[in-house]
Amino acid sequence: MRVEKYQSTFIQELFASRIGGANYGKDTNIYKFEKIKRAKAAAKKAQPDVELIDMGVGEPDEMADAGIVAKLAEEASKSENRGYADNGIAEFKAAAAKYLKEVFSVDGIDAETEVLHTIGAKPALAMLPTVFINPGDVTIMTVPGYPVMGTHTKYLGGEVYNIQLTKENNFLPDIDAIPVDIARRAKLLYLNYPNNPTGATATVEFFEKVIAWAKEYNVVVVHDAPYAALTYDGVKPFSFLSVPGAKDVGVELHSLSKSYNMTGWRIGFIAGNPLIVKAFGDVKDNNDSGQFIAIQKAAAYGLSNPQITEAISAKYSRRHNMLVAALNEIGFRAEKPKGSFFLYVEAPKGIVGGQRFESAEDFSQYLIREKLISTVPWDDAGHFIRFSVTFIAQGEAEEARVIDEIKRRLTDVKFEF
(Lines give C-alpha, C1' and ligand atoms only; values in the text may rest on other atoms or scores of the structure.)
Protein backbone atom coordinates (compact mmCIF):
# COMPACT_ATOMS: atom_id res chain seq x y z
CA MET A 1 0.00 0.00 0.00
CA ARG A 2 2.77 2.42 0.91
CA VAL A 3 4.63 1.65 -2.33
CA GLU A 4 1.46 2.21 -4.43
CA LYS A 5 0.79 5.52 -2.70
CA TYR A 6 4.38 6.67 -3.29
CA GLN A 7 4.29 5.69 -6.95
CA SER A 8 0.97 7.42 -7.51
CA THR A 9 2.21 10.64 -5.91
CA PHE A 10 5.49 10.58 -7.81
CA ILE A 11 3.79 9.91 -11.16
CA GLN A 12 1.24 12.65 -10.53
CA GLU A 13 4.04 15.20 -10.19
CA LEU A 14 5.61 14.20 -13.51
CA PHE A 15 2.72 14.82 -15.90
CA ALA A 16 3.52 17.42 -18.57
CA SER A 17 1.99 20.85 -18.13
CA ARG A 18 0.33 20.52 -21.56
CA ILE A 19 -2.14 17.99 -20.11
CA GLY A 20 -2.48 19.62 -16.70
CA GLY A 21 0.76 18.83 -14.87
CA ALA A 22 0.31 17.81 -11.24
CA ASN A 23 -3.41 18.58 -11.55
CA TYR A 24 -3.94 16.05 -14.34
CA GLY A 25 -7.13 14.04 -13.74
CA LYS A 26 -8.35 16.37 -10.99
CA ASP A 27 -10.42 18.63 -13.24
CA THR A 28 -14.06 18.34 -12.23
CA ASN A 29 -15.46 20.05 -15.35
CA ILE A 30 -17.71 17.85 -17.46
CA TYR A 31 -17.18 18.48 -21.15
CA LYS A 32 -19.86 18.72 -23.79
CA PHE A 33 -19.64 15.25 -25.29
CA GLU A 34 -19.39 13.62 -21.87
CA LYS A 35 -22.54 15.49 -20.83
CA ILE A 36 -24.28 14.18 -23.94
CA LYS A 37 -23.11 10.64 -23.22
CA ARG A 38 -24.34 10.79 -19.62
CA ALA A 39 -27.66 12.35 -20.59
CA LYS A 40 -28.27 9.64 -23.20
CA ALA A 41 -27.54 6.90 -20.67
CA ALA A 42 -29.87 8.49 -18.11
CA ALA A 43 -32.65 8.97 -20.67
CA LYS A 44 -32.46 5.35 -21.83
CA LYS A 45 -32.53 4.16 -18.23
CA ALA A 46 -35.51 6.35 -17.38
CA GLN A 47 -37.46 5.39 -20.53
CA PRO A 48 -36.12 1.99 -21.65
CA ASP A 49 -39.08 1.33 -23.94
CA VAL A 50 -38.66 4.54 -25.95
CA GLU A 51 -36.35 4.60 -28.97
CA LEU A 52 -33.46 7.03 -28.58
CA ILE A 53 -32.98 8.78 -31.92
CA ASP A 54 -29.32 9.69 -32.23
CA MET A 55 -28.92 12.68 -34.55
CA GLY A 56 -25.58 13.64 -33.05
CA VAL A 57 -23.32 10.90 -34.36
CA GLY A 58 -20.80 12.27 -36.85
CA GLU A 59 -20.08 9.06 -38.69
CA PRO A 60 -21.82 7.05 -41.42
CA ASP A 61 -24.53 4.56 -40.48
CA GLU A 62 -23.61 1.98 -43.14
CA MET A 63 -20.69 -0.28 -44.01
CA ALA A 64 -18.20 0.40 -46.77
CA ASP A 65 -19.14 -0.63 -50.31
CA ALA A 66 -18.99 -4.37 -50.93
CA GLY A 67 -16.37 -3.88 -53.66
CA ILE A 68 -14.05 -2.12 -51.23
CA VAL A 69 -14.54 -4.83 -48.61
CA ALA A 70 -13.85 -7.54 -51.21
CA LYS A 71 -10.68 -5.73 -52.31
CA LEU A 72 -9.47 -5.60 -48.71
CA ALA A 73 -10.05 -9.33 -48.28
CA GLU A 74 -8.22 -10.07 -51.54
CA GLU A 75 -5.21 -7.92 -50.69
CA ALA A 76 -5.06 -8.98 -47.04
CA SER A 77 -4.51 -12.56 -48.14
CA LYS A 78 -1.36 -11.69 -50.10
CA SER A 79 1.94 -12.29 -48.40
CA GLU A 80 3.61 -9.29 -50.02
CA ASN A 81 1.19 -6.91 -48.28
CA ARG A 82 1.99 -8.04 -44.75
CA GLY A 83 4.87 -5.67 -43.95
CA TYR A 84 5.37 -2.06 -42.98
CA ALA A 85 3.88 0.48 -45.35
CA ASP A 86 6.07 3.35 -44.11
CA ASN A 87 5.00 6.53 -45.93
CA GLY A 88 2.68 4.72 -48.29
CA ILE A 89 2.51 2.88 -51.57
CA ALA A 90 2.70 4.37 -55.05
CA GLU A 91 -0.61 2.79 -56.09
CA PHE A 92 -2.56 4.70 -53.45
CA LYS A 93 -0.79 8.00 -54.17
CA ALA A 94 -1.52 7.65 -57.89
CA ALA A 95 -5.19 6.90 -57.14
CA ALA A 96 -5.39 9.99 -54.90
CA ALA A 97 -3.92 12.26 -57.59
CA LYS A 98 -6.31 10.83 -60.19
CA TYR A 99 -9.25 11.26 -57.77
CA LEU A 100 -8.40 14.95 -57.29
CA LYS A 101 -8.30 15.38 -61.05
CA GLU A 102 -11.48 13.50 -61.93
CA VAL A 103 -13.73 14.50 -59.03
CA PHE A 104 -12.43 17.98 -58.15
CA SER A 105 -10.80 19.15 -61.41
CA VAL A 106 -7.45 19.65 -59.68
CA ASP A 107 -4.73 19.72 -62.32
CA GLY A 108 -1.02 19.14 -61.92
CA ILE A 109 -0.78 17.10 -58.72
CA ASP A 110 2.44 15.05 -58.78
CA ALA A 111 1.60 11.75 -57.10
CA GLU A 112 5.22 11.13 -56.17
CA THR A 113 6.05 14.45 -54.49
CA GLU A 114 2.71 16.10 -53.69
CA VAL A 115 0.66 13.31 -52.09
CA LEU A 116 1.10 11.17 -48.97
CA HIS A 117 -1.30 8.76 -47.33
CA THR A 118 -2.45 9.44 -43.77
CA ILE A 119 -3.99 7.19 -41.16
CA GLY A 120 -7.16 9.25 -41.35
CA ALA A 121 -7.27 13.05 -41.27
CA LYS A 122 -7.07 13.46 -37.49
CA PRO A 123 -3.45 12.29 -37.08
CA ALA A 124 -2.44 14.54 -39.98
CA LEU A 125 -4.01 17.54 -38.26
CA ALA A 126 -2.23 16.58 -35.06
CA MET A 127 1.16 16.30 -36.78
CA LEU A 128 1.10 19.43 -38.94
CA PRO A 129 1.83 21.84 -36.05
CA THR A 130 5.01 19.83 -35.38
CA VAL A 131 6.14 20.80 -38.87
CA PHE A 132 5.71 24.54 -38.30
CA ILE A 133 4.98 25.69 -34.75
CA ASN A 134 7.66 26.97 -32.38
CA PRO A 135 6.86 28.53 -28.99
CA GLY A 136 5.04 31.81 -29.54
CA ASP A 137 3.87 31.03 -33.07
CA VAL A 138 0.17 31.33 -33.87
CA THR A 139 -2.33 28.97 -35.46
CA ILE A 140 -5.54 30.61 -36.63
CA MET A 141 -8.62 28.45 -36.11
CA THR A 142 -12.33 28.85 -36.72
CA VAL A 143 -15.01 28.42 -34.04
CA PRO A 144 -17.10 26.42 -33.99
CA GLY A 145 -14.70 23.87 -35.39
CA TYR A 146 -12.57 20.79 -34.99
CA PRO A 147 -9.91 21.59 -32.36
CA VAL A 148 -7.13 19.02 -32.92
CA MET A 149 -4.66 21.30 -34.68
CA GLY A 150 -5.17 23.93 -32.01
CA THR A 151 -4.61 21.41 -29.24
CA HIS A 152 -1.26 20.39 -30.69
CA THR A 153 -0.27 24.00 -31.34
CA LYS A 154 -0.71 24.64 -27.62
CA TYR A 155 1.20 21.45 -26.76
CA LEU A 156 4.16 22.92 -28.67
CA GLY A 157 4.04 26.26 -26.87
CA GLY A 158 2.19 28.06 -29.63
CA GLU A 159 -0.94 30.16 -29.43
CA VAL A 160 -4.37 29.77 -31.00
CA TYR A 161 -6.32 32.71 -32.37
CA ASN A 162 -10.01 32.00 -32.98
CA ILE A 163 -12.24 33.62 -35.58
CA GLN A 164 -15.98 33.09 -35.41
CA LEU A 165 -18.15 31.54 -38.09
CA THR A 166 -21.38 33.54 -38.06
CA LYS A 167 -24.63 33.19 -39.92
CA GLU A 168 -24.31 36.82 -41.07
CA ASN A 169 -21.10 35.94 -42.96
CA ASN A 170 -22.45 32.66 -44.38
CA PHE A 171 -20.31 30.79 -41.84
CA LEU A 172 -17.11 31.88 -43.57
CA PRO A 173 -14.36 33.48 -41.46
CA ASP A 174 -13.82 37.21 -41.88
CA ILE A 175 -10.19 37.16 -42.96
CA ASP A 176 -10.04 40.96 -42.96
CA ALA A 177 -10.89 41.01 -39.25
CA ILE A 178 -7.71 39.17 -38.26
CA PRO A 179 -5.48 41.72 -36.48
CA VAL A 180 -2.28 42.53 -38.35
CA ASP A 181 -0.08 41.59 -35.38
CA ILE A 182 -1.75 38.13 -35.25
CA ALA A 183 -1.39 37.67 -39.00
CA ARG A 184 2.32 38.51 -38.84
CA ARG A 185 2.93 35.95 -36.07
CA ALA A 186 0.71 33.27 -37.61
CA LYS A 187 2.15 30.26 -39.36
CA LEU A 188 -0.98 28.17 -39.92
CA LEU A 189 -4.54 28.97 -40.97
CA TYR A 190 -6.97 26.09 -40.56
CA LEU A 191 -10.12 25.90 -42.73
CA ASN A 192 -12.73 23.19 -43.18
CA TYR A 193 -15.30 23.20 -46.03
CA PRO A 194 -17.89 21.80 -46.36
CA ASN A 195 -17.84 22.73 -42.71
CA ASN A 196 -18.34 20.78 -39.53
CA PRO A 197 -20.64 21.68 -37.82
CA THR A 198 -22.30 24.37 -39.95
CA GLY A 199 -22.55 22.50 -43.26
CA ALA A 200 -21.45 25.69 -45.04
CA THR A 201 -19.52 25.55 -48.30
CA ALA A 202 -16.73 27.83 -49.51
CA THR A 203 -16.58 29.71 -52.80
CA VAL A 204 -13.83 30.33 -55.33
CA GLU A 205 -13.88 34.01 -54.40
CA PHE A 206 -13.39 33.21 -50.71
CA PHE A 207 -10.43 30.92 -51.38
CA GLU A 208 -8.89 33.49 -53.75
CA LYS A 209 -9.04 35.99 -50.90
CA VAL A 210 -7.51 33.47 -48.49
CA ILE A 211 -4.65 32.74 -50.90
CA ALA A 212 -3.88 36.43 -51.37
CA TRP A 213 -3.96 36.96 -47.60
CA ALA A 214 -1.69 33.94 -47.00
CA LYS A 215 0.84 35.24 -49.53
CA GLU A 216 0.79 38.71 -47.96
CA TYR A 217 1.50 37.40 -44.45
CA ASN A 218 3.44 34.21 -45.29
CA VAL A 219 0.94 31.85 -43.67
CA VAL A 220 0.40 28.18 -44.56
CA VAL A 221 -3.21 27.23 -45.29
CA VAL A 222 -4.41 23.81 -44.15
CA HIS A 223 -7.75 22.92 -45.72
CA ASP A 224 -9.43 19.97 -44.04
CA ALA A 225 -11.80 18.47 -46.62
CA PRO A 226 -13.30 15.18 -45.34
CA TYR A 227 -16.78 16.17 -46.57
CA ALA A 228 -15.70 17.71 -49.87
CA ALA A 229 -17.23 14.97 -52.06
CA LEU A 230 -20.56 14.96 -50.20
CA THR A 231 -22.47 17.65 -52.09
CA TYR A 232 -26.12 18.03 -53.10
CA ASP A 233 -28.56 19.36 -55.65
CA GLY A 234 -26.14 19.71 -58.53
CA VAL A 235 -23.35 21.32 -56.52
CA LYS A 236 -20.06 19.96 -57.86
CA PRO A 237 -17.42 18.75 -55.37
CA PHE A 238 -14.99 21.63 -54.87
CA SER A 239 -11.34 21.61 -53.77
CA PHE A 240 -9.17 24.38 -52.39
CA LEU A 241 -6.40 23.00 -54.61
CA SER A 242 -8.45 23.73 -57.72
CA VAL A 243 -8.05 27.49 -57.11
CA PRO A 244 -4.98 29.04 -58.78
CA GLY A 245 -2.21 29.72 -56.27
CA ALA A 246 -3.52 27.31 -53.62
CA LYS A 247 -0.58 24.94 -53.98
CA ASP A 248 1.81 27.87 -53.42
CA VAL A 249 0.50 28.39 -49.89
CA GLY A 250 -1.00 25.18 -48.59
CA VAL A 251 -2.24 21.63 -48.50
CA GLU A 252 -5.56 19.85 -48.41
CA LEU A 253 -6.52 16.82 -46.32
CA HIS A 254 -8.92 14.21 -47.68
CA SER A 255 -10.38 11.24 -45.85
CA LEU A 256 -12.36 8.22 -46.97
CA SER A 257 -14.11 8.03 -43.58
CA LYS A 258 -17.20 10.05 -44.43
CA SER A 259 -17.32 9.91 -48.22
CA TYR A 260 -16.82 6.12 -48.43
CA ASN A 261 -18.30 4.91 -45.10
CA MET A 262 -14.79 3.94 -43.97
CA THR A 263 -14.40 5.62 -40.56
CA GLY A 264 -12.79 2.66 -38.81
CA TRP A 265 -10.45 1.92 -41.71
CA ARG A 266 -8.36 5.04 -40.93
CA ILE A 267 -7.19 6.10 -44.36
CA GLY A 268 -6.87 9.44 -46.11
CA PHE A 269 -4.25 11.62 -47.76
CA ILE A 270 -2.56 15.00 -47.74
CA ALA A 271 -1.92 16.78 -51.04
CA GLY A 272 -0.56 20.09 -52.21
CA ASN A 273 2.63 22.07 -51.75
CA PRO A 274 5.53 19.61 -52.22
CA LEU A 275 7.74 21.15 -49.55
CA ILE A 276 4.97 20.96 -46.95
CA VAL A 277 4.17 17.38 -48.00
CA LYS A 278 7.87 16.42 -47.72
CA ALA A 279 8.24 17.97 -44.27
CA PHE A 280 4.98 16.36 -43.13
CA GLY A 281 6.33 13.01 -44.37
CA ASP A 282 9.46 13.42 -42.25
CA VAL A 283 7.37 14.09 -39.15
CA LYS A 284 4.97 11.29 -40.00
CA ASP A 285 7.87 8.86 -40.42
CA ASN A 286 8.68 9.50 -36.76
CA ASN A 287 5.10 8.95 -35.64
CA ASP A 288 3.85 5.86 -37.46
CA SER A 289 4.88 3.10 -39.83
CA GLY A 290 2.05 3.55 -42.28
CA GLN A 291 -1.40 2.09 -42.76
CA PHE A 292 -1.79 -1.60 -43.66
CA ILE A 293 -1.01 -1.96 -47.38
CA ALA A 294 -4.19 -3.96 -48.00
CA ILE A 295 -6.25 -1.04 -46.65
CA GLN A 296 -4.38 1.35 -48.94
CA LYS A 297 -5.12 -0.87 -51.93
CA ALA A 298 -8.79 -1.18 -51.00
CA ALA A 299 -8.92 2.61 -50.58
CA ALA A 300 -7.30 3.06 -54.00
CA TYR A 301 -10.11 0.94 -55.43
CA GLY A 302 -12.62 3.22 -53.73
CA LEU A 303 -11.00 6.40 -55.03
CA SER A 304 -11.13 4.94 -58.52
CA ASN A 305 -14.90 4.43 -58.17
CA PRO A 306 -16.34 7.82 -57.11
CA GLN A 307 -19.83 6.64 -58.00
CA ILE A 308 -19.78 4.99 -54.56
CA THR A 309 -19.72 8.43 -52.95
CA GLU A 310 -22.37 9.72 -55.34
CA ALA A 311 -24.79 7.05 -54.06
CA ILE A 312 -23.99 7.95 -50.45
CA SER A 313 -24.57 11.63 -51.22
CA ALA A 314 -27.97 10.84 -52.73
CA LYS A 315 -29.02 9.15 -49.50
CA TYR A 316 -27.90 12.07 -47.34
CA SER A 317 -29.56 14.56 -49.68
CA ARG A 318 -32.86 12.70 -49.35
CA ARG A 319 -32.57 12.65 -45.56
CA HIS A 320 -31.69 16.35 -45.45
CA ASN A 321 -34.80 17.15 -47.48
CA MET A 322 -37.04 15.31 -45.04
CA LEU A 323 -35.38 16.67 -41.90
CA VAL A 324 -35.37 20.29 -43.10
CA ALA A 325 -39.06 20.07 -44.03
CA ALA A 326 -39.99 18.55 -40.66
CA LEU A 327 -38.05 21.09 -38.60
CA ASN A 328 -39.43 24.03 -40.55
CA GLU A 329 -42.98 22.77 -39.95
CA ILE A 330 -42.22 22.86 -36.23
CA GLY A 331 -40.93 26.45 -36.40
CA PHE A 332 -37.18 26.10 -36.84
CA ARG A 333 -35.44 28.09 -39.58
CA ALA A 334 -33.58 25.22 -41.19
CA GLU A 335 -31.84 25.49 -44.54
CA LYS A 336 -30.49 22.48 -46.40
CA PRO A 337 -26.68 22.63 -46.63
CA LYS A 338 -24.87 22.27 -49.94
CA GLY A 339 -22.47 19.73 -48.45
CA SER A 340 -21.65 17.48 -45.44
CA PHE A 341 -24.13 15.40 -43.49
CA PHE A 342 -24.70 18.08 -40.85
CA LEU A 343 -27.68 20.40 -40.44
CA TYR A 344 -26.93 23.43 -38.25
CA VAL A 345 -29.91 25.31 -36.85
CA GLU A 346 -30.47 27.99 -34.24
CA ALA A 347 -31.77 26.69 -30.94
CA PRO A 348 -35.09 28.04 -29.68
CA LYS A 349 -35.15 30.52 -26.81
CA GLY A 350 -37.60 28.43 -24.89
CA ILE A 351 -41.03 26.85 -24.77
CA VAL A 352 -44.01 29.19 -24.94
CA GLY A 353 -45.29 29.49 -21.39
CA GLY A 354 -42.61 27.16 -20.06
CA GLN A 355 -38.91 26.36 -19.86
CA ARG A 356 -36.27 28.82 -21.11
CA PHE A 357 -33.10 27.79 -22.92
CA GLU A 358 -30.16 30.03 -22.06
CA SER A 359 -27.82 28.15 -24.39
CA ALA A 360 -27.82 25.58 -27.13
CA GLU A 361 -26.52 23.10 -24.57
CA ASP A 362 -29.63 23.69 -22.45
CA PHE A 363 -31.82 22.87 -25.44
CA SER A 364 -29.73 19.84 -26.45
CA GLN A 365 -29.98 18.43 -22.93
CA TYR A 366 -33.75 19.03 -22.96
CA LEU A 367 -34.08 17.13 -26.25
CA ILE A 368 -32.22 14.15 -24.82
CA ARG A 369 -33.98 14.07 -21.45
CA GLU A 370 -37.52 14.85 -22.54
CA LYS A 371 -37.68 13.74 -26.17
CA LEU A 372 -34.92 11.12 -26.42
CA ILE A 373 -33.45 12.91 -29.43
CA SER A 374 -29.68 13.41 -29.30
CA THR A 375 -28.04 16.39 -31.01
CA VAL A 376 -24.76 18.30 -30.52
CA PRO A 377 -24.89 21.87 -29.18
CA TRP A 378 -22.59 24.69 -30.26
CA ASP A 379 -22.43 27.97 -28.33
CA ASP A 380 -19.17 29.32 -29.80
CA ALA A 381 -20.79 31.85 -32.15
CA GLY A 382 -24.46 32.04 -31.34
CA HIS A 383 -26.70 29.27 -29.98
CA PHE A 384 -26.94 26.45 -32.52
CA ILE A 385 -27.49 22.71 -32.51
CA ARG A 386 -26.15 20.23 -35.02
CA PHE A 387 -28.28 17.42 -36.41
CA SER A 388 -26.58 14.66 -38.37
CA VAL A 389 -28.41 12.75 -41.09
CA THR A 390 -26.31 9.67 -40.35
CA PHE A 391 -29.00 8.33 -38.01
CA ILE A 392 -29.61 4.58 -38.10
CA ALA A 393 -32.26 3.68 -40.69
CA GLN A 394 -32.36 0.94 -43.29
CA GLY A 395 -34.10 2.12 -46.43
CA GLU A 396 -36.31 5.05 -47.38
CA ALA A 397 -39.39 3.86 -45.49
CA GLU A 398 -37.42 3.60 -42.26
CA GLU A 399 -35.85 7.03 -42.86
CA ALA A 400 -39.31 8.54 -43.24
CA ARG A 401 -40.48 6.80 -40.06
CA VAL A 402 -37.60 8.26 -38.04
CA ILE A 403 -38.23 11.79 -39.33
CA ASP A 404 -41.96 11.48 -38.66
CA GLU A 405 -41.20 10.33 -35.12
CA ILE A 406 -38.95 13.34 -34.54
CA LYS A 407 -41.74 15.63 -35.75
CA ARG A 408 -44.30 13.88 -33.54
CA ARG A 409 -42.14 14.25 -30.44
CA LEU A 410 -41.45 17.93 -31.05
CA THR A 411 -45.01 19.06 -31.75
CA ASP A 412 -46.52 18.52 -28.31
CA VAL A 413 -44.99 21.86 -27.23
CA LYS A 414 -44.59 25.19 -29.01
CA PHE A 415 -41.07 26.56 -29.22
CA GLU A 416 -40.23 30.24 -29.10
CA PHE A 417 -37.52 31.40 -31.51
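Details of the structure are given in the entry above.
So, here's what we can say about the structure. (Residues numbered from 1 in each chain as written. Predicted model: local features only at pLDDT ≥ 70, side-chain atom pairs only at ≥ 80, totals over all residues. Heavy atoms only, no water.)

**Quick word on the overall build of the protein**
Consideration 1: Per the secondary structure count, the protein includes 15 helices and 14 strands.
Consideration 2: Taken over C-alpha atoms, the radius of gyration comes to 23 Å for the protein, in line with the 22 Å a tight globule of 417 residues would show.
Consideration 3: The buried share of the protein, taken over its 417 residues, is 52%.
Consideration 4: Contacts in the protein between residues far apart in sequence, at least 24 positions, make up 73% of those at least 6 positions apart.
Consideration 5: For the protein, the accessible surface area stands at approximately 19200 Å², while carbon and sulfur atoms represent 51% of it.
Consideration 6: Distance between charge centroids for the protein: 4 Å, based on 48 positive and 54 negative side chains. (Helix = DSSP H or I, 4+ residues; strand = E, 2+ residues; numbered from the N terminus. Rg over C-alpha atoms; globule rule 2.2 N^0.38 Å. Buried < 20%, exposed > 50% of the residue type's maximum accessible area, 1.4 Å probe, protein only. Contact = heavy atoms within 4.5 Å. Areas by Shrake-Rupley, 256 points an atom, 1.4 Å probe, with all protein chains shown as cover. Lys, Arg positive; Asp, Glu negative; His and termini not counted. Charge placed at Lys NZ, Arg CZ, Asp CG, Glu CD.)

**Digging into the pattern of salt bridges**
Consideration 1: Under the definition given, this model contains 32 salt bridges.
Consideration 2: Between Lys297 and Glu75 there is a salt bridge, with its nearest N and O atoms 3.8 Å apart. Taken as a pair, Lys297 in helix H12 (residues 293–303) and Glu75 in helix H3 (residues 66–76) lie far apart in primary sequence, 222 residues in all. Grouping residues by exposure puts Lys297 and Glu75 together as buried.
Consideration 3: Where Lys247 meets Glu114, a salt bridge forms, and the shortest distance between an N and an O atom there is 3.0 Å. Taken together, the positions of Lys247 in helix H9 (residues 246–249) and Glu114 in the loop between helix H4 (90–104) and strand E2 (115–118) put the pair 133 residues apart, joining distant regions of the chain.
Consideration 4: Exposure remark for Lys247: the relative accessible area of 25% places this residue in the partly exposed category.
Consideration 5: Via salt bridges that share partners, Asp61, Glu62, Lys315, Arg318, Arg319, Glu396 and Glu399 belong to a single interconnected network. (Salt bridge = Lys/Arg side-chain N within 4 Å of Asp/Glu carboxyl O.)

**Side note on the sheet that holds strand E4 (residues 159–164)**
Strand pairing in a sheet is mediated by backbone hydrogen bonds. Such pairs are either parallel or antiparallel.
Consideration 1: Strand order in the open sheet made by the seven strands is E2-E8-E7-E6-E5-E3-E4, with mixed pairing throughout. Two strands in the sheet have a free side with no partner beyond their single neighbour: E2 and E4. The average undirected angle you get between the axes of adjacent strands in this sheet is 20°.
Consideration 2: Both strand E3 (residues 138–143) and strand E5 (residues 186–192) contribute to a ladder of three bridges, which runs parallel. Counterpart to Thr139 in the pairing with E5 is Leu188.
Consideration 3: Strand contacts of helix H8 (residues 204–217): E3, E5 and strand E6 (220–224), with the helix running at about 170° to E5, the strand carrying the most contacts. (Pairing = 2+ DSSP bridges. Axes fitted to C-alpha atoms, helices over the stretch in contact; angles between N-to-C directions.)

**Some words on unusual backbone geometry**
Consideration 1: Residue Pro144 follows Val143 across a cis peptide bond; omega there is 0°.
Consideration 2: Looking at the secondary structure, you find Pro144 in the loop between E3 and helix H6 (148–155).
Consideration 3: The omega torsion across Asn196 and Pro197 is 20°, close enough to zero to call that bond cis.
Consideration 4: By the secondary structure assignment, Pro197 is in the loop between E5 and H8.
Consideration 5: Positive phi outside glycine occurs at Asp86, with the angle close to 50°.
Consideration 6: Looking at the element boundaries, Asp86 is found in the loop between H3 and H4.
Consideration 7: Owing to a relative accessible area of 42%, Asp86 belongs among the partly exposed residues under this scheme.
Consideration 8: In this model, Arg266 sits at a positive phi of 55°, which is unusual for a non-glycine residue.
Consideration 9: Residue placement: Arg266 occurs in the loop between helix H10 (256–259) and strand E8 (268–272).
Consideration 10: Assessed through its relative accessible area of 27%, Arg266 is described here as partly exposed.

Take it as geometry only, folks, not as evidence of what the structure does.
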